[in-house]
Each structure stands twice: as C-alpha cells, then as structure tokens.
Amino acid sequence: MANNPPAITGAMRGSSGINAEYGDPNDKSYKRVSLWPCHGLGGNQKWHYSATQQVIHSESQLCLSVGDPGKPKLFLDKCDGSAHQMFTFTNIYSQDDFDF
C-alpha cells in the first residue's frame, strides 16, 4: 500500500511570495488558475492537498487539473481522481502552507 501524504489546507506558495489563485469566477468556459502576490486572507488562494494527492480549491471544491488540450496549463475542473489531477509536493512546511 502506498504511503499517502498528510492532508493539508492552506496557501500554495511559490518561492518568491506568490500564491496559486483561483481565476475569474465569471469565466464559464474553464476555471483558470493564476499566480498573484500572497494576500494572506485565504479565499481564492486557499487550497486543500488531500491524502489522495489531489489539490482542491477550498471555495469551489474543484480540483487543480493539468494537461487537457485547449485549456490553460493549470485549471480547475470537477474532481475525478484521474492522473491529471494528482500532484506530489516535496516542500510541505506546515499544516498551513505548501510550496509548488
């Protein structure tokens, strides 16, 4: 049995003080993920890294996804447990933050 990582909820921070952020909620064609300065308020920058290695946006409950043709490289989509929604993080510093 694989050793699953711990579940963590918090900001997904980059090394230069940027966070992954949920994009424009009015864009119905896809849910874009972009990088913005950390604001520390949660909301559109709050994520949950599950024990099954999925990254779930805390407000929308959609999964971070990658690799679908015709969409941005990182976007939010309905969680389906597929390989394009599984991520491995090597720098998990606390129960509040994990680095990408």
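Note: the structure precedes this text.
Residues numbered from 1 in each chain as written. Predicted model: local features only at pLDDT ≥ 70, side-chain atom pairs only at ≥ 80, totals over all residues. Heavy atoms only, no water.

Relative to strand β7 (residues 74–77), strand β3 (residues 31–37) is paired through 2 bridges, and the arrangement is antiparallel. Its bridge partner lying in β7, R32 is registered against F75. (Pairing = 2+ DSSP bridges. Helix = DSSP H or I, 4+ residues; strand = E, 2+ residues; numbered from the N terminus.)

A full pass over the atoms with the stated rule returns 1 disulfide. Through a disulfide, C63 is tied to C79; the S-S separation comes to 2.0 Å. Every disulfide takes its handedness from the sign of the S-S torsion; for C63 and C79 that torsion is 100°, giving right-handed. Of the two residues, C63 sits in strand β6 (residues 63–66) while C79 sits in the loop between β7 and β8 (97–99), which places them 16 residues apart along the sequence. Take C63: its relative accessible area is 0%, and that puts it in the buried class. By relative accessible area, C79 is classed as partly exposed at 30%. (Disulfide = S-S within 2.5 Å. Buried < 20%, exposed > 50% of the residue type's maximum accessible area, 1.4 Å probe, protein only.)

This paragraph deals with the nonpolar core. Formed by M12, A20, Y22, V33, W47, Y49, V55, L62, L64, L76, F87 and F89, the largest nonpolar core amounts to 12 residues. Of all the secondary structure elements, the ones that give two or more residues to this core are β2 (18–22) and β4 (47–49). Discounting residues that sit within four places of it in the chain, Y22 has contacts with K31, R32, N44, W47, H57 and L76. (Core = buried A, V, L, I, M, F, W, Y, C linked by side-chain atoms within 4.5 Å. Contact = heavy atoms within 4.5 Å.)

Take H57: it is sitting in strand β5 (residues 55–57). Given the relative accessible area of 0%, H57 is considered buried. There is a polar contact of 3.1 Å between the side chain of H57 and the side chain of S60. The residues touching H57, leaving out its near neighbours within four places in the chain, are Y22, G43, N44, K46, W47, L62 and L76. (Polar contact = N/O pair within 3.5 Å; in protein donor to acceptor, adjacent residues only side chain to side chain.)

Positive phi values are uncommon outside glycine, yet Q53 reaches one of about 70°. For Q53, the position within the fold is in the loop between β4 and β5. Positive phi outside glycine occurs at Q61, with the angle close to 65°.

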